[in-house]
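Listed here are the chains, written in short residue letters.
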Amino acid sequence: MSKPHARATSSPAPATELESREVAEAAREEDWNQRSFAKRLFNGGLPLDILEVRGKDDPEERERADAFLAGLRDFARDHIDGDAIDRDGWVPDEVLEGLARLGAFGMKIPLEYGGLQLSQRSYNRALEIVASQCGSTGAFLSAHQSIGVPGPLMMFGTREQKQRYLPRLAKGALSAFALTEPEVGSDPANMSTTAELSEDGTHWILNGEKLWCTNGPRAEIIMVMARTPAREGVRGRRPISTFIVETEWEGVEVKHTCDFMGLKGLSNGVLTFRDVKVPVDNLVWGEGRGLKLALMTLNVGRLALPAFCSSAAKLSMEMCREWAGQRVQWGQPIGKHDAIAQMLGRMAADTFAMESVVEITSNMADSKAADIRLEAAIAKMWNTEVAWRIGNDALQIRGGRGYETHDSLKARGEDAWPVERMIRDLRINLIFEGSSEIMRLFIAREAVDDHLKVAGALADPRASLGAKVGGALRAAVFYAGWFPTRFAGWGRWPRYSEYGALAGHLRWIDRTSRKLARNNFYQMVRFGPKLEKRQAILGRVVDVGAELFVMSCACVYARRRLREHPTDRTPIELADLFCRQAKRRITDAFGRLYRNDDVAAYGVAEKMLDGDYVWLEEGPVSLEEVYGPPVKRRRADEGNGAGPNRGASARPSDGSRASSAPSAPRSGTRSSETAGAGAD
């Protein structure tokens, strides 16, 4: 325990770019103590044995899971009315209480604390069942266990903390996770919530406000991130620590309950903490480790969203199979018309790929034999984006009946399939637990970790001349041996022949992984330290790696299904179509690394921000006329806030002045991930 510190008297100034980088970099897991399939893939390898691993077969767990899932399915079907919850904007207490009686709030909590101790695979299957009836109810379970109190407590809590809280949580005491603030989304360096140690050293005094706290308005126990005083002699921004807070304590208040376009039953809001006394025993994992705790929790916690998305894709398939097979236009079912058939074919292939990702990553998590921080991030990013596209296609295939609400369809005797609600619920998945843009930057940063360890000093503006010279020498030695091997390797027949009809796709992945590694290196040489500004380039590199990862999962999962059901070759057909289509996307992404309109688009964006195109906004009644000036500008005009930050331009160059020194994205605002449980 540290000595008492003086209480902070004012909010910190907005973090600089360098400070944001430092905070994010300090929160990273620096070591890769276990193998990572995706990391090797970005580096030119294809270690399929990592994907082929199966979680430990535990007959007792399987028996518990089967009984629980059967009861959960019956309960969800009979008692969870997603349309009523969407209409009322509220998940009834009796639904949450019923789930608690089943043990749904303790699915991942160990048996010794009253939980079910289910595997990640069983947990994901449970989330699929609940989310198929109601996304809001599924979010209650996921936010409680994946990123709420149980997850970090099981990973980092003391024995006493676990004994005190896990039994309550397993029985249904709802939990939440509070990180996001009005000025804190993907950049936690701007956090202003503080915790000061009392003079007698018995408790912390918590003050601040948290935004978009999922489950917060109805939670009993919350994990709260706050800045604690820096130790004497340590410079820089105050470190971030994590505390267990009970909402019944004096000073905890729900300031506002938010309402969203989707997940209408979600309990999400703004929580304030005013001089809340938090016992010193409720500090989790020590001072200054709060942000790292959040990011490490998300490595497995964000596997819930891919499962939700897989569930939505399967429901889309069912709806479209029924409708496109029955709806006759121009003399035949609409599913027979090529325009719709192409959508259906892609939907089936993509849904199979999504299930493959969920199954493979769940097994990897259960095996505990691999580092899955990259795999989890890719699964979250890819499944959420593809689910949104599948849902959009389902609405298009249903036409006007897709746009019409459930209640309206039901009132006039139509099949009341909730496509409209599903679309609204799906959209948030591309934003919270790390937006797609942040996920790409996080993946890019982790994918080039080996390069940064070798040549990171060359891109560090604070590095001394000696450090840069040493970095250049290390880079010269490393790349002299590394680069030629990115051309070597056998990705031709008969390799991967055990995969039968899919062997050709795996050979292509093998060859393309080396091409990806080479192109990753090319971009570092081409742009040097400016690469971190070229987020569109980094995004394409990540997209190639993500597609290769999903292709690999699809092939491994299809082979597994074939071994289990030797007479059913449909998984091979679906994996084959998916790989064919993914190859075209990958080829296109490679081409756009070098032929693109990024610089022109950025230039237009800068001029737009400068107001050069205000004339184009003329015509409609302006938002400012109706709603007044934006809040931040209004505060600035009143003298109560800072004006807009017109810092140095981050304009990307076209790469014509290539640096001879390899560089890579650094951590910070452009290459870190949001750890918030909210929608930022």
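Residues numbered from 1 in each chain as written. Predicted model: local features only at pLDDT ≥ 70, side-chain atom pairs only at ≥ 80, totals over all residues. Heavy atoms only, no water.

## What to know about the overall build of the chain
Counting its regular elements, the chain contains 26 helices and ten strands. The globule rule puts the C-alpha radius of gyration for 680 residues at 26 Å, and the 26 Å found for the chain is close to it. The principal-axis extents of the C-alpha atoms in the chain amount to approximately 75 × 65 × 65 Å. Counting over 680 residues, the chain shows a buried share of 54%. Contacts spanning at least 24 positions in sequence make up 78% of the contacts within the chain whose residues lie at least 6 apart. (Helix = DSSP H or I, 4+ residues; strand = E, 2+ residues; numbered from the N terminus. Rg over C-alpha atoms; globule rule 2.2 N^0.38 Å. Buried < 20%, exposed > 50% of the residue type's maximum accessible area, 1.4 Å probe, protein only. Contact = heavy atoms within 4.5 Å.)

## Looking at the nonpolar core
Residues L48, L51, I397, I443, L548, M551 and F578 are the most contacted members of the largest nonpolar core, which totals 99 residues. Per-element tally for this core: the top contributor is helix α22 (residues 535-564), with 17 residues. One finds L166, W249, L291 and L293 within the second-largest nonpolar core, a separate group that totals 50 residues. (Core = buried A, V, L, I, M, F, W, Y, C linked by side-chain atoms within 4.5 Å.)

## Digging into the side chain of K162
One can find K162 in helix α10 (residues 159-171). One buried charge, K162, has no salt-bridge partner; the nearest side chain with opposite charge is E112, at 7.4 Å. Once residues lying within four places of it in the same chain are set aside, the contact partners of K162 are Y113, L153, M154, G157 and P167. (Lys, Arg positive; Asp, Glu negative; His and termini not counted. Salt bridge = Lys/Arg side-chain N within 4 Å of Asp/Glu carboxyl O.)

## So, helix α13 (residues 338-367)
Taking 1.5 Å as the rise per residue, α13 with 30 residues should run 44 Å; its terminal C-alpha atoms sit 43 Å apart, in good agreement. The first or second residue beyond α13 is K368, which carries a positive phi of 55°. (Expected span 1.5 Å × (residues − 1).)

## Quick look at a nonpolar patch on the surface
A cluster of nonpolar side chains, V621, L623, V626 and Y627, forms an exposed patch at the surface whose accessible area comes to about 500 Å². A relative accessible area of 65% places L623 in the exposed class. (Patch = residues over 30% accessible without salt bridge, like charges linked within 9 Å, V, L, I, M, F, W, Y side chains within 5 Å. Areas by Shrake-Rupley, 256 points an atom, 1.4 Å probe, with all protein chains shown as cover.)

## Structural notes on the packing of helix α21 (residues 503-527) against helix α23 (residues 570-591)
Put simply, α21 and α23 touch, their axes get as near as 12 Å, and they point 20° apart. Taken together, the axes of α21 and α23 lie roughly parallel to each other. Both α21 and α23 take part in a crossing whose hand is left-handed. For the pair α21 and α23, the contacting residues are H505, W508, T512, K515, L516 and N519 in the first and D576, C579, R580, K583, I586, T587 and F590 in the second. (Axes fitted to C-alpha atoms, helices over the stretch in contact; angles between N-to-C directions. Parallel < 35°, antiparallel > 145°, perpendicular 65-115°, else oblique. Left-handed = near helix turned anticlockwise from the far one by under 90°.)

## Quick look at helix α14 (residues 373-398)
Across its 26 residues, α14 extends 38 Å between first and last C-alpha, which sits within 8% of the 38 Å expected from 1.5 Å per residue. With 21 of 26 residues buried, α14 is to be regarded as a mostly interior element. Just past α14, the residue G399 takes up positive phi, approximately 70°.

## Quick word on a negative patch on the surface
A surface patch of negative charge is lined by D58, E60, E63 and D66. For D58, the position within the fold is in the loop between α3 (48-52) and α4 (59-79). On the accessibility criterion, D58 (32% relative accessible area) is partly exposed. (Charge placed at Lys NZ, Arg CZ, Asp CG, Glu CD.)

## Details of the pattern of salt bridges
Scanning all chains against the criterion turns up 46 salt bridges. E420 serves as the salt-bridge partner of R424, at 2.7 Å between the closest nitrogen and oxygen. Remark: E420 and R424 occur in helix α17 (residues 419-427); sequence separation between them is four residues, near one turn of the helix. We classify R424 as buried; its relative accessible area is 16%. The residue D598 makes a salt bridge to R534 at a minimum N-O spacing of 3.6 Å. Pair noted here: D598 is in helix α24 (residues 598-609) and R534 is in the loop between α21 and α22, with a separation of 64 residues, a long-range link. A single burial state applies to D598 and to R534, both of which are buried.

## Some details on unusual backbone geometry
Along the chain, W493 connects to P494 via a cis peptide bond; the corresponding omega equals 5°. Even without being glycine, Q117 reaches a positive phi, approximately 50°. Checked against the element boundaries, Q117 lands in the loop between α6 (93-102) and α7 (120-133). One non-glycine residue, K368, adopts positive backbone phi at about 55°. Here K368 is to be found in the loop between α13 and α14. Exposure remark for K368: the relative accessible area of 62% places this residue in the exposed category.

## Some thoughts on the packing of α13 against α22
Helix packing for two helices is described by the angle between their axes and how far apart those axes are. α22 packs onto α13 with a crossing angle of 85° between their chain directions and a minimal axis gap of 8 Å. Looking at the two axes, α13 sits roughly perpendicular to α22. Contacts between α13 and α22 involve F352, A353, E355, S356, V357, E359, I360, T361 and N363 from the first element and F549, V550, C553, A554, V556, Y557, A558, R560 and R561 from the second.

## Points about the packing of aromatic side chains
A complete count under the given rule lists 14 aromatic pairs for this structure. Plain terms: the ring middles of Y479 and W482 are 5.7 Å apart, the flat faces sit at 90° to each other, and that makes the pair edge-to-face. Residue Y479 and its partner W482 are located together in helix α20 (residues 465-485), separated by three residues, close to a single helical turn. W482 carries the same exposure label as Y479, and that label is buried. (Phe/Tyr/Trp six-rings, centres within 6.5 Å; stacked < 30°, edge-to-face > 60°.)

## Things to note about the environment of S311
Structurally, S311 can be placed in helix α12 (residues 304-326). Taking the C-alpha atoms as reference points, S311 and W285, separated by 26 residues in sequence, lie 35 Å from one another. For S311, the residues in contact, after removing those within four places along its chain, are E128, A131 and S132.

## Points about the environment of E617
Along the chain, the position of E617 falls in the loop between α24 and α25 (623-627). For E617, a relative accessible area of 57% corresponds to the exposed category. Taking the C-alpha atoms as reference, E617 lies 55 Å from S367; in sequence the two are 250 residues apart.

## A few points about the side chain of E355
Tracing the backbone shows E355 in helix α13. By relative accessible area, which is 17% here, E355 ends up buried. Those residues in contact with E355 that sit more than four places away from it in its chain are S310, K314, Y557 and R561.

## Some thoughts on the pairing of strand β1 (residues 175-178)
In β1, alternate side chains face the same way, and those of S175 and F177 on one face and A176 and A178 on the other are all buried. In this sheet, strand β4 (residues 221-227) lies alongside β1 in parallel orientation, the contact comprising four bridges. Bridge pairing in β4 links A176 to I222. (Pairing = 2+ DSSP bridges.)

## Digging into the environment of W417
Among the structural elements, W417 can be located in the loop between α16 (406-411) and α17. Here W417 falls in the partly exposed class, since its relative accessible area comes to 22%. Each C-alpha atom, one on W417 and one on D58, is 38 Å from the other, the two residues being 359 residues apart in sequence. Discounting chain neighbours no more than four positions away, the residues touching W417 are M319, E322, W323, R398 and L409.

These figures come from the coordinates and say nothing about function on their own.
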